[in-house]
Amino acid sequence: MKNEQVKARTPKNIFVKWAIAPAFIADSIQKHHSQTDIGGHSIFLGQVRADVIKGKKVVAIEYTAYEEMALKQMHAIREDIFAKYPLTCMHVHHSLGTIAAGEICLFVFTSSKHRKAAIDACEETVERLKAELPIWGKELFEDESYQWKENQ
Amino acid sequence: MQVNVMLFGRLADITGSRQVAVQNVQDTNQLLQQLKNNYPALGNLPYLVAVDEQVISDNTMLTDGSVVALLPPYSGG
């Protein structure tokens, strides 16, 4: 494999216009098969929850983003994380559009020689992207009403 | 001089559009005042202001073609 550190310096598009399929996640894992310097992967998957709010059930979340700004911010987060942890690579994918309850809307995947860097980097990336990226989720209810979500 | 304003989330619900053009404002304070005059419901809502994709905290001069974005609390992930 080529030097992932160099690849990490180029801004990447994290957005996909659909739910993240389990097969895509499996394929991402498979792609690291030849990188035998990796000793640990850490994966976070965000799933759309069917919350019940005032008696109405969330059936899906519709995600929108200020994409250009979000990609710049994500690039800065990626640079910080690579500077802080000895990672081999990092992959981030976030859904846009309508994602049904039970589907995966966020996939963060970090890899390193030893587990701790991968685990800590994964957690920090998830926390930072939830706090810093201009992305909005609109919770759609079964009766076609909606409310705007706010991260806790 | 024209400034393009991008609105997201519940703010776009209030304006009815994700893009609004505002004429004859020199800085972000004037711009926000004009938006609040046009859309009083914006007045009480929390949001950050970004000018050309940079979040600002102080009044910022605008130039023709500046892109200002109003960002309500994030809810990605």
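In the block above lies the structure referred to throughout.
If you're wondering where the values come from, they're calculated on a predicted model, not measured in any experiment. (Residues numbered from 1 in each chain as written. Chains lettered and ligands numbered in written order. Predicted model: local features only at pLDDT ≥ 70, side-chain atom pairs only at ≥ 80, totals over all residues. Heavy atoms only, no water.)

### Overview of the overall build of chain B
Note the threshold: The secondary structure listing takes helices from DSSP runs of H or I that are at least 4 residues long and strands from runs of E that are at least 2 residues long, numbered from the N terminus. Computation of the radius of gyration draws on C-alpha atoms alone. For the globule rule, the value is 2.2 Å times the number of residues to the power 0.38. Accessible area is worked out with a 1.4 Å probe on protein chains only. A residue is then buried under 20% of its type maximum, exposed over 50%, and partly exposed in between. It only takes one pair of heavy atoms within 4.5 Å for two residues to be counted as in contact. Surface accessibility in these figures is a Shrake-Rupley result with a 1.4 Å probe; residues are shielded only by whichever protein chains are displayed.
In terms of regular secondary structure, chain B is built from 2 helices and 5 strands. Listed N to C, the secondary structure of chain B is β-α-β-α-β-β-β in terms of helices and strands. Taken over C-alpha atoms, the radius of gyration comes to 12 Å for chain B, in line with the 11 Å a tight globule of 77 residues would show. Buried residues in chain B amount to 44% of all 77 residues. At a minimum sequence separation of 6, the contacts of chain B that also span at least 24 residues come to 52%. With an accessible surface of roughly 3700 Å², chain B has 45% of that area assigned to carbon and sulfur atoms.

### As for the interface of chain B and chain A
For the record, the criterion: In short, buried area is how much 1.4 Å probe accessible area vanishes from two parts on joining, totalled over both. A carboxyl oxygen of Asp or Glu within 4 Å of a side-chain nitrogen of Lys or Arg is what we treat as a salt bridge.
Chain B puts 19 residues into the contact, and the matching count from chain A is 23 residues. Summed over both sides, the interface between chain B and chain A buries roughly 1900 Å², with carbon and sulfur atoms accounting for 53% of that surface. When the buried area of chain B at its contact with chain A is split by residue, B:Glu53, B:Tyr74 and B:Gly77 rank highest and sum to 38% of it. Remark: the boundary between chain B and chain A carries 2 salt bridges.

### Section: the pairing of strand 4 (residues 56–65) of chain A
Residues and elements named next belong to chain A. Rule in force here: Note on pairing: DSSP must find at least two bridges between two strands before they are called paired.
Taken together, the 2 bridges between strand 3 (residues 52–53) and strand 4 define a ladder with antiparallel strand orientation. For Ile53, the partnering residue across the bridge sits in strand 4 and is Lys56. The turn joining strand 3 and strand 4, which pair antiparallel and follow one another in sequence, is formed by 2 residues; a positive phi near 50° is taken by Lys54. Here 7 bridges tie strand 4 to strand 8 (residues 135–141), and the two strands are oriented antiparallel to one another. For Thr64, the partnering residue across the bridge sits in strand 8 and is Trp136. Of the pairings in the sheet, the one linking strand 4 to strand 6 (residues 97–100) comprises 4 bridges and is antiparallel in character. Following the sheet pairing, Ala60 is matched in strand 6 by Ala100.

### Quick look at a nonpolar patch on the surface
All names here are of chain A. Defined as follows: Each patch groups residues whose relative accessible area exceeds 30% and which form no salt bridge, using 9 Å between like charges and 5 Å between nonpolar side chains of Val, Leu, Ile, Met, Phe, Trp and Tyr.
A contiguous nonpolar patch, built from Ile29, Ile43 and Leu45 and spanning about 220 Å² of accessible area, is present on the exposed surface. Mapped onto the fold, Ile43 is located in strand 2 (residues 40–47). For Ile43, a relative accessible area of 34% translates into the label partly exposed.

### As for the sheet that holds strand 3 (residues 48–51) of chain B
Residue and element names in this part refer to chain B. Note the cut-off: Comment: axis = line fitted to C-alpha atoms, over the contacting stretch for helices; angle = value between 0 and 180 degrees taken between N-to-C directions.
The strand order 2-1-5-3-4 describes an open sheet built from 5 strands, whose pairing is mixed. Unpaired on one side and paired on the other, strand 2 (19–23) and strand 4 (54–56) mark the two borders of the sheet. Strand-to-strand twist across the sheet, computed as the mean angle between neighbouring axes with direction ignored, equals 30°. Bridging between strand 1 (residues 2–7) and strand 2 involves 5 bridges; their strand directions are antiparallel. Within strand 2, the position partnered with Gln2 by the bridge is Gln23. In this fold helix 2 (residues 28–38) packs onto strand 1, strand 2, strand 3, strand 4 and strand 5 (67–71), with an angle of close to 115° to the strand it touches most, strand 2.

### Digging into the packing of helix 3 (residues 67–84) of chain A against helix 4 (residues 115–132) of chain A
Residues and elements named next belong to chain A. Let me state the cut-off plainly: Every angle not falling under 35 degrees, over 145, or within 65 to 115 is termed oblique; those three ranges are roughly parallel, roughly antiparallel and roughly perpendicular. By the definition used in this description, the sense in which the near helix is turned from the far one sets the handedness, with an anticlockwise turn below a right angle giving left-handed and a clockwise turn giving right-handed. In this count, Pro and Cys sit with the nonpolar residues alongside Ala, Val, Leu, Ile, Met, Phe, Trp and Tyr, while Asp, Glu, Lys and Arg are called charged and the others, Gly among them, polar.
With their axes 10 Å apart at the nearest point, helix 3 and helix 4 run at an angle of 155° to one another. When the interaxial angle is binned, helix 3 and helix 4 end up roughly antiparallel. The two elements helix 3 and helix 4 cross, and the hand of that crossing is right-handed. Across from Gln73, Met74, Ile77, Asp80, Ile81 and Lys84 in helix 3, the residues of helix 4 making contact are Ala121, Glu124, Thr125, Arg128, Leu129 and Glu132. Here the contact of helix 3 with helix 4 is composed, by residue class, of 5 nonpolar, 2 polar and 5 charged.

### Description of the side chain of A:Arg78
Residues and elements named next belong to chain A. Let me state the cut-off plainly: In this tally, Lys and Arg are treated as positive and Asp and Glu as negative; His is ignored, and so are the chain termini. Counting of polar contacts relies on pairs of N or O atoms within 3.5 Å, with two restrictions inside protein: one atom must be capable of donating a hydrogen and the other of accepting it, and residues adjacent in sequence are counted only when both atoms are side-chain atoms.
Relative to the helices and strands, Arg78 is located in helix 3. For the buried Arg78, no salt bridge exists, and the shortest N-O distance to an oppositely charged side chain is 6.8 Å, to Glu79. There is a polar contact of 3.1 Å between the side chain of Arg78 and the backbone oxygen of Met90.

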